[in-house]
Amino acid sequence: MNLDSERARRVLDRVREVPEGFVRTYGDLEPGAPRFAGAVLADHHDPELPWHRIVRADGSLAQGERQRRLLEAEGVPFRGERVDMRVARLPL
């Protein structure tokens, strides 16, 4: 994955724009290509990137308990095992 490409940089910029306490989906980062967004995040290893604020469209977590702990610490609400997307999803 070329993280220096314009497309990958755009995805990373969109991740950085998500404020604490909110989430976005992989599809929000790259409409029509959520798997590309996931691949960018999988290859990017900057500890400052708020990767944990990116969830699946149904509110489920790709990174399990670690991601849930980080989101809960920011006040992101859950309904069972999933993020409450009606409350926590940042509007586009």
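Reading the values: rules and limits
- Residues numbered from 1 in each chain as written.
- Predicted model: local features only at pLDDT ≥ 70, side-chain atom pairs only at ≥ 80, totals over all residues.
- Heavy atoms only, no water.
- Helix = DSSP H or I, 4+ residues; strand = E, 2+ residues; numbered from the N terminus.
- Rg over C-alpha atoms; globule rule 2.2 N^0.38 Å.
- Buried < 20%, exposed > 50% of the residue type's maximum accessible area, 1.4 Å probe, protein only.
- Areas by Shrake-Rupley, 256 points an atom, 1.4 Å probe, with all protein chains shown as cover.
- Salt bridge = Lys/Arg side-chain N within 4 Å of Asp/Glu carboxyl O.
- Phe/Tyr/Trp six-rings, centres within 6.5 Å; stacked < 30°, edge-to-face > 60°.
- Lys NZ or Arg CZ within 6 Å of the ring centre and 35° of its normal.

A. A look at the overall build of the chain. Broken down by element type, the chain carries five helices and four strands. If you list the helices and strands of the chain from N to C, you get α-β-α-α-β-α-β-β-α. The globule rule puts the C-alpha radius of gyration for 92 residues at 12 Å, and the 12 Å found for the chain is close to it. Once the C-alpha set of the chain is aligned to its principal axes, its extents read approximately 35 × 25 × 20 Å. Counting all 92 residues of the chain, 42% fall into the buried class. Roughly 5,500 Å² of accessible area belongs to the chain as shown, and the carbon and sulfur atoms make up 47% of that amount.

B. The arrangement of the pattern of salt bridges in detail. All told, the structure shown has nine salt bridges when counted by the stated rule. Between Arg 89 and Asp 28 there is a salt bridge, with the nearest N and O atoms lying 2.5 Å from each other. Note that Arg 89 is positioned in the segment after helix H5 (85-88) and Asp 28 in helix H2 (residues 26-29), a separation of 61 residues in sequence. Overall, the relative accessible area of 36% leaves Arg 89 in the partly exposed class. For Asp 28, a relative accessible area of 8% puts it in the buried group. A salt bridge links Glu 74 to Arg 53, with the nearest nitrogen and oxygen atoms 2.8 Å apart. Of this pair, Glu 74 sits in the loop between helix H4 (64-73) and strand S3 (78-79) while Arg 53 is found in the loop between helix H3 (34-43) and strand S2 (54-55), placing the two residues 21 residues apart along the sequence. The pair formed by Glu 74 and Arg 53 is uniform in burial state, with each residue classed as buried.

C. Structural view of the packing of aromatic side chains. This structure, assessed with the given rule, holds zero aromatic pairs. Sitting over the face of the ring of Phe 36, Arg 7 holds its NZ or CZ atom 3.8 Å from the ring centroid. In this arrangement the basic side chain of Arg 68 is found over the ring face of Phe 78, its NZ or CZ atom lying 4.0 Å from the centre.

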